[in-house]
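Single-letter residue listing:
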Amino acid sequence: TGKKAFIAGVADDQGFGWAIAKALAEAGAEISLGVWVPALSIFETSYKRGKFDKSRQLSNGSMLEFVHIYPMDAVFDRASDVPEDVRNNKRYAAAAEKGFAVEEVARNVKNDIGNIDIIVHSLANGPEVKKPLLETSRQGYLAAMSASSYSYVSMLQHFGPLLNPNGSAVSLTYIASERTIPGYGGGMSSAKAALESDTRVLAYEAGRKYQARVNVISAGPLGSRAAKAIGFIDDMIKYSYENGPIQKELHAEEIGNAAAFLLSPLASSITGTIIYCDNGLHSMGLAPD
Ligand code: NAI
């Protein structure tokens, strides 16, 4: 209750970021968002027109509200990192005054909110995700790492100093980091492996420096916007249902609840870990009959 959370990676009400926002709001936290610049105006328009009203309803009858909504692009650390063509893009130009690089967003959060308790990283991007690793370009691979892994490092660098003691951070990963998932290409499997390894190192460093905890949730398949763009999500959901220990659909709300637990004092001894929220699929070694 009364905790302040910053969540990066919400652009509609379908993904894990939204579900985490909702679960944290249910627990009494105040939520601010970092929304990817190209998705910001449609998100704000949809929000204002009431498109999310149904999914904004909380169990006490109130509505999920966002204290602040910031433009953000987690592939840029500082304003000076933004290349000319991006800077001149209509949507980015509109967000330039506020600033959308990670350092600028952290500065805005500090000015508007002050210290925070919770950092959520629920974003990923891999421009060549549909290409097998054997066909992935260097540029595509590095872009996946930049948006999906270094973005978490950057967030902890810039938002870490804003954390109150006993703060906590969470990000989202996928089992493709440790077992081969054909179709999850473009260096995205590599990016998730880096994200998981970095979670251990960041847990140590941020633990010592800020008394903060850093964890990552390995989620099962969900038909979010990002997942639909990869193209094989329906097959993954079916595979999980057929082969996992618990035969049910995975709901974003379940990941929201697990994140709320990890980000709360209930998890005060848990840091540097991967928590599997996948109906148990990760624990299987052989597909059942
Ligand atoms: P989503 O589409 O709701 O979320 C991804 C978000 O990342 C979007 O809001 C997008 O605007 C944002 N984004 C992309 N590039 C960005 C950038 N450069 N700067 C700031 N924001 C940026 O989809 P989903 O699936 O909820 O993804 C959230 C996290 O969950 C990702 O890390 C994803 O890899 C992970 N995950 C998803 C699974 C699934 O089956 N959907 C399974 C396991 C992990």
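Structure first, text after, so check above.
Residues numbered from 1 in each chain as written. Predicted model: local features only at pLDDT ≥ 70, side-chain atom pairs only at ≥ 80, totals over all residues. Heavy atoms only, no water.

Quick look at the site of the ligand
Near the ligand lie 26 residues; those nearest to it are F16, D73, K192, L222 and S224. In the environment of the ligand, an oxygen atom lies 3.3 Å from a nitrogen or oxygen atom belonging to the backbone of L123. In the model, an oxygen atom of the ligand is placed 3.5 Å from a nitrogen or oxygen of the L172 main chain. Protein coverage of the free-state accessible area of the ligand, which is 820 Å², stands at 93%. Every element with two or more residues in the shell around the ligand is listed here: strand 5 (163–173) and helix 8 (225–230). Ranked by residues supplied to the shell around the ligand, first place goes to helix 8 with three residues. A per-class count over the shell around the ligand returns 16 nonpolar, seven polar and three charged. (Near = heavy atom within 4 Å. Polar contact = N/O pair within 3.5 Å; in protein donor to acceptor, adjacent residues only side chain to side chain. Areas by Shrake-Rupley, 256 points an atom, 1.4 Å probe, with all protein chains shown as cover. Helix = DSSP H or I, 4+ residues; strand = E, 2+ residues; numbered from the N terminus. Nonpolar A, V, L, I, M, F, W, Y, C, P; charged D, E, K, R; others polar.)

Some remarks on a nonpolar patch on the surface
Side chains of L133, Y141 and L142 sit close together on the surface and give an oily, nonpolar patch of about 280 Å² of accessible area. Mapped onto the elements of the fold, L133 is located in the loop between strand 4 (116–121) and helix 6 (138–159). (Patch = residues over 30% accessible without salt bridge, like charges linked within 9 Å, V, L, I, M, F, W, Y side chains within 5 Å. Salt bridge = Lys/Arg side-chain N within 4 Å of Asp/Glu carboxyl O.)

What to know about helix 1 (residues 16–26)
Taken across its 11 residues, helix 1 has nine buried, putting it largely inside the fold. By the burial criterion, the buried members of helix 1 are F16, G17, W18, A19, I20, A21, A23, L24 and A25. Two residues or fewer after helix 1 comes G28, characterised by a positive phi angle close to 95 degrees. (Buried < 20%, exposed > 50% of the residue type's maximum accessible area, 1.4 Å probe, protein only.)

Some details on the sheet that holds strand 6 (residues 213–219)
Pairing is parallel across the open sheet formed by seven strands, whose spatial order is 3-2-1-4-5-6-7. Of all the strands in the sheet, just strand 3 (66–72) and strand 7 (274–277) have a single pairing partner and so form its edges. The mean angle between the axes of side-by-side strands here comes to 20 degrees, regardless of whether they run parallel or antiparallel. In terms of strand pairing, strand 1 (residues 4–8) meets strand 2 (residues 30–36) through five bridges, oriented parallel. Across the sheet, residue F6 finds its bridge partner in strand 2, namely S32. Contacts from helix 1 reach strand 1, strand 2, strand 3, strand 4, strand 5 and strand 6 within the one sheet, and its direction differs from that of strand 1 by about 170 degrees. (Pairing = 2+ DSSP bridges. Axes fitted to C-alpha atoms, helices over the stretch in contact; angles between N-to-C directions. Contact = heavy atoms within 4.5 Å.)

Section: the pattern of salt bridges
This model, assessed by the stated rule, comprises eight salt bridges. Residue R56 pairs with E65 through a salt bridge whose shortest N-O separation is 3.3 Å. Of the residues examined, R56 reaches a relative accessible area of 8% and is grouped as buried. Residues E254 and K248 are paired through a salt bridge, measuring 2.6 Å at the closest nitrogen-oxygen approach. One salt-bridge network, in which partners are shared between bridges, spans D53, R56 and E65.

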